[in-house]
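# Descriptive analysis of the structure
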2 protein chains.
Amino acid sequence: MPKISLKGEQMPASPIRKLTPFADKAKLEGKKVYHLNIGQPDIETPQGMLDAIHKSNFKVWAYTASEGTLSYRQKLSEYYNKLGYNITPQNIIVTTGGSEAITIAMMTCLNPGDEVIIPEPFYANYNGFACQSDIVVKPILSYIENGFALPAIADFEKLITEKTKAIIICNPNNPTGYLYSKEELEELKKLCLKHDLYLFSDEAYREFCYDGREFVSPMHLEGLDENVIVMDTVSKRYSACGARLGCLITKNEAVLKTALKFAQARLSPGMLEQIAGEAAVDTPDSYFEAVNKEYTYRRDVLVNALNKMEGVYCPNPGGAFYVVARFPIDNADKFCQWMLEEFSHDNQTVMMAPATGFYSTNGAGSNEVRMAYVLNGNDLQNAMICLEKALVEYSGRTVESDKLKVESL
Amino acid sequence: MPKISLKGEQMPASPIRKLTPFADKAKLEGKKVYHLNIGQPDIETPQGMLDAIHKSNFKVWAYTASEGTLSYRQKLSEYYNKLGYNITPQNIIVTTGGSEAITIAMMTCLNPGDEVIIPEPFYANYNGFACQSDIVVKPILSYIENGFALPAIADFEKLITEKTKAIIICNPNNPTGYLYSKEELEELKKLCLKHDLYLFSDEAYREFCYDGREFVSPMHLEGLDENVIVMDTVSKRYSACGARLGCLITKNEAVLKTALKFAQARLSPGMLEQIAGEAAVDTPDSYFEAVNKEYTYRRDVLVNALNKMEGVYCPNPGGAFYVVARFPIDNADKFCQWMLEEFSHDNQTVMMAPATGFYSTNGAGSNEVRMAYVLNGNDLQNAMICLEKALVEYSGRTVESDKLKVESL
């Protein structure tokens, strides 16, 4: 029997999806499972996108240009230029989700063995994409104590070698929700220019900034045009994860020309999605206002409930729809699995993503979990009630609970 | 300025699309261009698929399971089991086009530096996909004289080394249209079992077999379950290239488990496409009968016209919708570009794909072109009139034309 490749063996399973069999089993047993494990929002897709699908009128479902239709790229550039990116349609290559923008950027810019520095915890699939291209991820720890702010530039400098080719930031951050400031990005700019590094900017959560905070992109920084590659997607922006429609944006001509060759090999992004994506750009501001209000409310529900639990700490993030919280537990992987396999409260339980999958450093994040606040406030409150009970009941609890103390009196 | 990767430099541009700027220019100059260069059929997508899109009724355009929805995989397995593949939904991973099925299969089975043997001329993007994974393509020449039949097994044996991990066949073949026989596949089976090789079977054109010929898949061969990976797509089957919906099928459990990890990293195939794909399986036989009748007619128009031209040779293929023809010219790349840049007849010209892009051996196919018969009979006839004139007029003609002789009298 022929063998699997080494890459195939080393490829990590998704930390977000690996507990799915346990969740499926819990559901078969009749438990209600609150899914806080995955960034699949329950927010409705804008009606304009759905209308565009229903009204679509073509006889042949044809390939488009490999870089995406001119018409969609024109519309997209309007969207980005409103944000001040100052681009043309020629700066955009439409991709199959943000995922493909990341893999194409990696293949375009990094050789096998080259290194990319990523503040951790980070979006787990960067590990998988790096593995696909035999690229080495050099993690740099950020800390829950300061809300996972950008690590010190001196810490980046320590990691830079001859092999370092790029830095990835995800802003606002998945999984931490941290929103990088202009000052932090300016620091990164200096570092990238000094060491001639690419700055990959994953901006999937751009539209989700709370409490009046402002989003800043490396595209806004002067003198960094040759270094910046934005990796974007409509998945979260318009709650259209299943559309698999993203893009890569850069002003670096050599990158564009090379990325196009990778795009040509896979022929074309989805045709119908580009029609819907074009309509999406006309989504009224009121949609985003309502969505951001809802997410702010949910974040507050979650963060307040978590910080009231004994021994739990959760920073209050400025963007995206995730939090990473620290629990008084021995092992987040064990705890999350136990919650699905053994725990229930009123026949309900919660599925979360152990944070270990978002760290590349061995052992880091072993008492942290990521939660996506993609459920309505009521479900979130129920989920938090379950979680609080579970943390008290769990045998691997590391801090004695007052409740346990009271009960044992 | 940061550098492009070596892989990015080495990545081949699409031979099918590289002449596009010249075609665009010809159109700007007011010329009508007959596109025989790309396998984008003009055949209408089945109404059932389009209806499924228009009737789709969801509020959140959500991710699906990474391996595809169970419901689509169930329906797909019905389709494959009618063909005698004897599979379950668990043998299928839904992919973003056939392209992704190929890249996932390569990453799953081959290490960097490993070798894959492919009869040439072959689908040009195999080169690109191999480049992406640092896999070495070992081409094995097939010959226009016998219609591009499977090369002798002894020729395969000569190429096999410690590094050889797989053979790719595309059946019916793109670009040659050759339909492999059961006997040829049995030969390949023995070879794969003897040397413990994967057999990647690209079956994008399965439904297009002419003159009553029967399609045979390696899935039909006994004892080869651990070796066969089918790479499929709805692109050509239902004239739905822009749907980007394909799948990978295998009975090898280790391959399935590993391929799923790559599928998980990119989260999900398109959601709406899977709804349309499910409807597509109910496409009536009458659709395929009409389409095959039309393609048979077109092939006959093309092959007859080509073989009547002085110095031209074109085999009569048993499947797909391509032919590779030999022209009396010095250089197919030059000729195809010249036809767009300089030639016109009644203000019309033809865009074709130089066959060199489908060969990996340097210099091979330099007087051959690939043509896709994806236009209606009338357009094809006009295209053939243009081509005949062009071949007479072209300065790099290698065989003196009787017409030229007559004119010079």
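Details of the structure are given in the entry above.
For clarity, every value in this text was computed on a predicted model and none was experimentally measured. (Residues numbered from 1 in each chain as written. Chains lettered and ligands numbered in written order. Predicted model: local features only at pLDDT ≥ 70, side-chain atom pairs only at ≥ 80, totals over all residues. Heavy atoms only, no water.)

### Brief notes about the overall build of chain A
Secondary structure summary: chain A contains 14 helices and twelve strands in total. Relative to the 2.2 N^0.38 estimate, which gives 22 Å for 409 residues, the radius of gyration of chain A is 22 Å and therefore close to what a compact globule would have. The principal-axis extents of the C-alpha atoms in chain A amount to approximately 70 × 60 × 55 Å. The proportion of buried residues among the 409 residues of chain A is 65%. Of the contacts made within chain A by residues no fewer than 6 positions apart, 76% connect residues no fewer than 24 positions apart. Accessible surface computed for chain A: about 14,700 Å², of which carbon and sulfur atoms make up 50%. Of the charged side chains in chain A, 41 are positive and 52 negative; the average position of the first set lies 3 Å away from that of the second. (Helix = DSSP H or I, 4+ residues; strand = E, 2+ residues; numbered from the N terminus. Rg over C-alpha atoms; globule rule 2.2 N^0.38 Å. Buried < 20%, exposed > 50% of the residue type's maximum accessible area, 1.4 Å probe, protein only. Contact = heavy atoms within 4.5 Å. Areas by Shrake-Rupley, 256 points an atom, 1.4 Å probe, with all protein chains shown as cover. Lys, Arg positive; Asp, Glu negative; His and termini not counted. Charge placed at Lys NZ, Arg CZ, Asp CG, Glu CD.)

### Describing the relation of the copies chain B and chain A
For the match of chain B to chain A, the screw axis carries a shift of 0.0 Å, the RMSD comes to 0.0 Å, and the turn is 180°. Considering both components of the superposition, the chain copies are consistent with a two-fold axis. The position closest to the rotation axis in chain B is occupied by the C-alpha of histidine 54 of chain B, lying 2.2 Å away. Counting the interface residues of chain B, we find that 100% of their copies in chain A are interface residues as well, pointing to one common contact surface. (Least-squares fit on C-alpha atoms with pLDDT ≥ 70 in both.)

### Description of the pairing of strand S8 (residues 246-250) of chain B
Residues and elements named next belong to chain B. With five of five residues buried, S8 lies mostly within the body of the structure. Alternating positions in S8 separate into two faces, Gly246, Leu248 and Thr250 on one and Cys247 and Ile249 on the other, with burial throughout. Judged from the five bridges that link them, strand S7 (residues 228-233) and S8 form a sheet pairing that is antiparallel. Pairing of methionine 231 across the sheet is with leucine 248, part of S8. (Pairing = 2+ DSSP bridges.)

### Comments concerning the sheet that holds strand S11 (residues 353-354) of chain A
Residue and element names in this part refer to chain A. Spatially, three strands are ordered S9-S12-S11 in an open sheet, and the strand pairing comes out antiparallel. If you trace the sheet from one side to the other, it starts and ends with strand S9 (322-326) and S11, each paired once. In terms of strand pairing, S9 meets strand S12 (residues 368-372) through five bridges, oriented antiparallel. Bridged to valine 323 within S12 is methionine 371. Sitting on the sheet, helix H11 (residues 285-308) is in contact with S9 and S12, with an inclination near 0° to S9. (Axes fitted to C-alpha atoms, helices over the stretch in contact; angles between N-to-C directions.)

### Thoughts on the interface of chain B and chain A
Often, the extent of an interface is quoted as the loss of accessible area on bringing the components together. Facing 79 residues of chain B, the contacting portion of chain A comprises 79 residues. Summed over both sides, the interface between chain B and chain A buries roughly 6,500 Å², with carbon and sulfur atoms accounting for 57% of that surface. Of all residues in chain B, Arg17, Trp61 and Tyr63 of chain B give up the largest surface area on contact with chain A, accounting jointly for 13% of the area buried on that side. Applying the counting rule to chain B against chain A returns zero salt bridges. Our count for the contact surface shared by chain B and chain A stands at 42 residue pairs in polar contact (both at pLDDT 80 or more). (Buried area = accessible area lost by both parts, 1.4 Å probe. Salt bridge = Lys/Arg side-chain N within 4 Å of Asp/Glu carboxyl O. Polar contact = N/O pair within 3.5 Å; in protein donor to acceptor, adjacent residues only side chain to side chain.)

### Focus: the packing of helix H4 (residues 70-82) of chain A against helix H10 (residues 271-280) of chain A
Residue and element names in this part refer to chain A. At a minimum axis separation of 9 Å, H4 and H10 run at an interaxial angle of 30°. Our classification of the angle between H4 and H10 gives roughly parallel. You can see that H4 and H10 cross each other, and the crossing is left-handed. For the pair H4 and H10, contact is made by Ser71, Tyr72 and Lys75 and by Gln274, Gly277 and Glu278, respectively. Class assignment of the residues belonging to the contact of H4 with H10 gives a composition of one nonpolar, three polar and two charged. (Parallel < 35°, antiparallel > 145°, perpendicular 65-115°, else oblique. Left-handed = near helix turned anticlockwise from the far one by under 90°. Nonpolar A, V, L, I, M, F, W, Y, C, P; charged D, E, K, R; others polar.)

### Observations concerning the pattern of salt bridges
Once the charged atoms of two side chains with opposite charge are near each other, the side chains can pair. All told, the structure shown has 40 salt bridges over all chains when counted by the stated rule. One salt bridge connects aspartate 300 of chain A with arginine 299 of chain A, and the closest N-O pair in it is separated by 3.1 Å. A relative accessible area of 30% means that aspartate 300 of chain A is categorised as partly exposed. Overall, the relative accessible area of 2% leaves arginine 299 of chain A in the buried class. Close ionic contact of aspartate 134 of chain B with lysine 7 of chain B constitutes a salt bridge, the shortest N to O distance being 3.2 Å. Of this pair, aspartate 134 of chain B sits in the loop between helix H6 (125-132) and strand S4 (136-141) while lysine 7 of chain B sits in helix H1 (residues 6-10), placing them 127 residues apart in sequence. Note on lysine 7 of chain B: relative accessible area 3%, which makes it buried. In the salt-bridge network here, residues are joined through shared partners; they are Glu203, Arg206, Asp232 and Arg237 of chain A.

### Details of the sheet that holds S8 of chain B
Residue and element names in this part refer to chain B. The mixed open sheet is built from seven strands, whose spatial order is S2-S8-S7-S6-S5-S3-S4. Only two strands of the sheet have a single partner each, and these edge strands are strand S2 (92-95) and S4. Sheet twist, expressed as the mean angle between neighbouring strand axes with direction ignored, is 20°. Pairing between strand S5 (residues 164-170) and strand S6 (residues 198-202): five bridges, direction parallel. Looking across to S6, one finds that alanine 166 is bridged to tyrosine 198. On top of the sheet, helix H5 (residues 97-109) reaches S2, S5, S6, S7 and S8; it is set at about 160° to S7, its chief contact. Running over the sheet, helix H8 (residues 182-195) touches S5 and S6 and is turned about 170° from S5.

### With respect to the packing of helix H5 (residues 97-109) of chain A against helix H6 (residues 125-132) of chain A
All names here are of chain A. Two numbers describe how H5 lies on H6: the axes approach to 10 Å, and their chain directions differ by 40°. It follows from the interaxial angle that H5 and H6 lie oblique. Note that H5 runs across H6; the crossing there is right-handed. Between H5, through Ser99, Ile102, Thr103 and Met106, and H6, the contact on the second element is made entirely by Tyr126, Phe129, Ala130 and Gln132.

### Re helix H4 (residues 70-82) of chain B
An α-helical turn contains 3.6 residues, so any two residues separated by three or four positions project in the same direction. Residue and element names in this part refer to chain B. For H4, with 13 residues, the first-to-last C-alpha span of 18 Å sits near the 18 Å given by 1.5 Å per residue. By the burial criterion, the buried members of H4 are Tyr72, Arg73, Lys75, Leu76, Ser77, Tyr79 and Tyr80. Check the buried side of H4 and you find it contacts S2, S7, S8 and helix H10 (271-280). Phi turns positive one or two residues past the end of H4, at glycine 84, with a value near 90°. (Expected span 1.5 Å × (residues − 1).)

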